[in-house]
Structure formats: C-alpha cells, structure tokens
Amino acid sequence: MGALGLGIAFALLVLLPSLEHQVHGKQSNYDLKKCDIYQGRWVYDASYPLYDSSLCSFIENAFACQKNGRADELYLKYKWQPFACKLPRFDAEDFLERFRDKRIMFVGDSLSLNQWQSFTCMLHAASPESEYNFERIGSTSTFTFQSHNVSLMLQRNAFLVDMEHNKYGRVLKLNSIDHEDGLAWKEFDVLIFNTWHWWLHTGRKQPWEFIQDGNTLHQDMDRFVAYEKALRTWARWVDKNVDPTKTKVFFQSISPTHWNASFWGNPEGRNCTAETRPLAEQPYPRSPHPAQVIVERVLRGMSKPVNLLNVTALSRLRKDGHPSIYGNEGHRGMDCSHWCLPGVPDTWNQLLYTELIRN
Ligand SMILES: *[C@@H]1O[C@H](CO)[C@@H](O)[C@H](O)[C@H]1NC(C)=O
Ligand SMILES: *[C@@H]1O[C@H](CO)[C@@H](O)[C@H](O)[C@H]1NC(C)=O
Ligand SMILES: *[C@@H]1O[C@H](CO)[C@@H](O)[C@H](O)[C@H]1NC(C)=O
Ligand SMILES: *[C@@H]1O[C@H](CO)[C@@H](O)[C@H](O)[C@H]1NC(C)=O
C-alpha cells in the first residue's frame, strides 16, 4: 500500500466511529457494550428524580423519606454519568415489552427490598393507570404488570444459605441451600442475588445461635470466612442449576453504609444525618470493601456467567442518600444503611437495565 493508501486507511479508521454515531443518530451499541458503566461521577440533572414519590404509594415507610418529612431535595437530582459512555434513558415501556411474560426475581436482604421497590416504582410511575397486582406469600412478594404479564419478585433471604431451627437453636448452615429455596430459584429469566448486611451482626441483632460448617457447630467464627464459605455454596448452586441460555444471573454488590462521618472528613457529623450532597471522590480508605473483595473472588471461580452489578464504589459517594431520621415512619431511629426512594437504587436499576439490554 502506498502512502496515499495508508492515508486513506488512516482517515477511514478515524472517521468510522463518528460515522457510526451519525448513522444511528445516537450512541452506538458498540460503545455501550464495552463501556465500564460503573466508573463515572454524579452530576446534577434538573429532570431527576425518575419518578414522583407520590405516584408510588406502595413504597415502604422505611424508604419514604419525603413522606416522613425530609425537606431537602438536592439528593433527588443526581444522575450517574459514566466516564466512557452515556447511559441509555430508562424506558419503562421498552423494558415491559422486552420482558413480556417473563419473571425477574431479587433474592436477598432489605437492600434487595430497596432495589426491588425502586424498580416497581420506576415501572409503575411510567404508566400509573396500568393495572398491577401485588401479592405476598411467605417470604416472597410478587408485583405483576398485567398489561405485559411481567412479574418482579422479591424473596427475602438474608444469607442465601440455610438457617435451620433445630434442637440446638437457630443454626446458620454455611454448606447448604435446601431443596425448597433451590427450587424457588429455578425457572426465572433474571435472578439478582445479594447478601452481606446481616453477616456482621452480634449480640441481640445476631439471628443465630450456631454456625454450622461441615459437621462442626461453631459458637462463632471469623465472619468474613463464614461469608466466603456461604458464597461458595451459593456459587455451586448457580453453577449446577442455572441454564445461562434461559436465565441471566446478577450479584448485587455490597451496598455501603455511612454511619461514621469521620470517614468523609466531617468532624461535626457522627453519622449520615444532615448530609445533603454526594462526595466528589472516594472517601478513605480507598481500598475496596473487604466483602467486595470476597464477592469478586468467588465470582471469578464460577463456571457459569454471573454479572456483578458493581455499585459499591458509586454508592459510597452518596452519603446524602440514606433515610437517616426520615425512615422508620418518622420515629427516632437512625438509618444510614438503606436508601431513600426515589434515590440511589433507581440508579442501580438503570445500570441493571443497561446490562440487560446491552448484551
Ligand atoms: C404469564 O407469564 C408466565 C411466565 O412468566 C406464564 O407461565 C403465563 O402463562 C403467562 N400468562 C398469560 C396469561 O399469558
Ligand atoms: C469513627 O471513625 C473514627 C476513625 O476511624 C473513630 O475514631 C471513631 O471512634 C468512629 N466513631 C464512631 C461513632 O464509631
Ligand atoms: C447522628 O449525628 C448527629 C450529629 O451529626 C447527632 O446529633 C446524633 O445524636 C447522631 N445519632 C446517632 C444515632 O448516632
Ligand atoms: C468493580 O468496581 C471497582 C471500583 O470501581 C473496581 O475496582 C473493580 O475491578 C470492579 N469489579 C469488576 C468485577 O468489574
């Protein structure tokens, strides 16, 4: 090839990506596919939040910050902006169309409840006149959008592995996921798992008397070790039972808490009270959350594809997003663990939506 040929080839190389943008009139799928949507920053967007809380009467009181008297509104106005691409707009109609006759289930603790409720609100608020049906049977809640026969389900399950009540008391069994739960997770189109927040509880808040590992009952053990063993049990279940051509599996990564204001350099604050804006950069220590390290290690060892909804770092910036005193029906409780709705979990769902449509 002569110098001219090279020049043309070079010009084409430079031109092609921009041509692609023009042809589609929007960002190409190719850019979105390879984009790390979890690296970015929070930017002010006057069009936010994605829905009006008054349209979502079924939000649990624990997340209904505005109803409980939270008056500042800036925290509602932040959009997640990845560095490398633009997130597609959340399109409820498109989602319902794609997931016609399909079932999606969140499995986990109250952070799963938080994200599931956010998702039902995002869909419901888009067409408030459409009929929906809600039912709760045992630990499982089902929200169905009847127009498209799409079900969003939630199974409350704080540890993913079994908790058995037997003659020794309540026993957390690190190596087993019983038949019942196992069956209950089958035949879904999308599964989004999460577990972490209960693993560190001690004293009155600890919901077990013993931890069983193999044939040994332990009064207590290193909680991170226990967590990793349980996650490996869960990973074996997924590797054995999930058909990736039918079911997409996600793990909702660790949701960070903001109980100690000294971590973001606020000597006045003791917790998340009165925080009204996000952090611009990661607070110290900058190292990843230790539980996140475990989650990533376990996922790397799996044979079936599991997508990490990698929201830990972006949520760590949102010290302003928690209910603080505006959860718990306005009682005096303090909550720097869950998130107000509308709020941060809406972004988790926007990212989930992006993951679901970009593949
Ligand atoms: C709704 O979807 C489920 C699968 O999620 C299917 O079993 C059921 O037959 C559908 N119902 C109708 C009325 O199409
Ligand atoms: C918050 O963290 C700082 C620094 O690690 C520590 O000195 C302080 O005791 C913590 N405060 C609370 C209430 O846990
Ligand atoms: C939270 O921090 C505020 C000061 O920022 C303090 O007045 C309040 O007592 C703290 N509450 C709890 C439960 O730590
Ligand atoms: C998740 O995000 C963190 C921080 O942004 C990053 O260090 C880590 O590599 C990501 N994990 C995966 C599996 O992409």
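Remember, predicted model here, so these are calculated numbers, not experimental data.

(A) Examining the pairing of strand E4 (residues 132–137) more closely. Bridging between E4 and strand E5 (residues 140–145) involves 6 bridges; their strand directions are antiparallel. Looking at E5, one finds that Asn133 is bridged to Thr144. Counting the residues that bridge the hairpin from E4 to E5 gives 2 residues, and of these Gly138 lies at a positive phi of roughly 60°.

(B) View of the site of ligand 3. Around ligand 3, a shell composed of Glu268, Gly269, Arg270, Asn271, Thr273 and Met334 is seen. Measuring from an oxygen atom of ligand 3, one finds a side-chain N or O atom of Arg270 at 3.4 Å. Taking Asn271, its side chain carries an N or O atom lying 2.5 Å from an oxygen atom of ligand 3. Computed on the free molecule, ligand 3 has an accessible area of 370 Å², of which 50% lies beneath the protein chains in the complex. Each residue belonging to the shell around ligand 3 can be placed in one class, and the counts come to 1 nonpolar, 3 polar and 2 charged.

(C) Geometry of the pattern of salt bridges. The full count for this structure, using the stated rule, is 16 salt bridges. Residues Asp94 and Arg98 are paired through a salt bridge, measuring 2.9 Å at the closest nitrogen-oxygen approach. Of this pair, Asp94 and Arg98 both sit in helix H3 (residues 92–98), 4 residues apart, roughly one helical turn. Assessed through its relative accessible area of 21%, Asp94 is described here as partly exposed. Overall, Arg98 belongs to the partly exposed group, its relative accessible area being 41%. For Arg232, the salt bridge is made with Glu228, and the minimal N-O distance between the two is 2.6 Å. Residue Arg232 and its partner Glu228 are both found in helix H6 (residues 223–241); the two are separated by 4 residues, about one turn of the helix. Since its relative accessible area comes to 33%, Arg232 is described here as partly exposed. Given the relative accessible area of 14%, Glu228 is considered buried. Shared partners join several salt bridges into a network, and the residues in it are Glu228, Arg232 and Arg297.

(D) Expanded view of empty space enclosed by the protein. Tallied over the entire structure, the rule returns 1 cavity of 30 Å³ or more. In this structure, the largest cavity occupies an estimated 80 Å³ of space. In terms of lining, the largest cavity is formed by Trp42, Tyr48, Pro49, Tyr75, Leu76, Tyr78, Arg318, Pro342, Gly343, Val344, Asp346 and Thr347. A per-element tally of the lining of the largest cavity places helix H9 (residues 344–358) first, with 3 residues. Taken together, the residues of the lining of the largest cavity break down into 8 nonpolar, 2 polar and 2 charged.

(E) Here's a closer look at the site of ligand 1. Surrounding ligand 1, one finds Asp101, Arg103 and Asn149. A distance of 2.9 Å separates an oxygen atom of ligand 1 from a polar atom in the backbone of Asp101. Here an oxygen atom of ligand 1 and a side-chain polar atom of Asn149 are 2.4 Å apart. Expressed as a share of its isolated accessible area of 360 Å², the protein-covered part of ligand 1 is 35%.

(F) Summary view of the state of the cysteines. One pass over the structure, following the stated rule, counts 4 disulfides. Here Cys272 is linked by a disulfide to Cys336, with a sulfur-sulfur distance of 2.2 Å. Taking the torsion about the S-S bond as the criterion, the Cys272 to Cys336 disulfide, at about -85°, is left-handed. A residue pair is termed long-range when its members are at least 10 positions apart, and Cys272 in the loop between strand E12 (248–252) and helix H7 (290–300) and Cys336 in the loop between helix H8 (312–316) and H9 qualify at 64 residues. Here the chain pairs its bonded cysteines, counted in sequence order, in the arrangement 1-4, 2-5, 3-8, 6-7.

Rules and cut-offs
Residues numbered from 1 in each chain as written. Chains lettered and ligands numbered in written order. Predicted model: local features only at pLDDT ≥ 70, side-chain atom pairs only at ≥ 80, totals over all residues. Heavy atoms only, no water. Pairing = 2+ DSSP bridges. Helix = DSSP H or I, 4+ residues; strand = E, 2+ residues; numbered from the N terminus. Near = heavy atom within 4 Å. Polar contact = N/O pair within 3.5 Å; in protein donor to acceptor, adjacent residues only side chain to side chain. Areas by Shrake-Rupley, 256 points an atom, 1.4 Å probe, with all protein chains shown as cover. Nonpolar A, V, L, I, M, F, W, Y, C, P; charged D, E, K, R; others polar. Salt bridge = Lys/Arg side-chain N within 4 Å of Asp/Glu carboxyl O. Buried < 20%, exposed > 50% of the residue type's maximum accessible area, 1.4 Å probe, protein only. 1 Å grid on protein atoms, 1.4 Å probe; cavity = no way out; pocket = protein on both sides within 12 Å on 5 of 7 lines; lining within 4 Å. Points joined across faces, edges and corners; volume = space filled by probe spheres on them. Disulfide = S-S within 2.5 Å.

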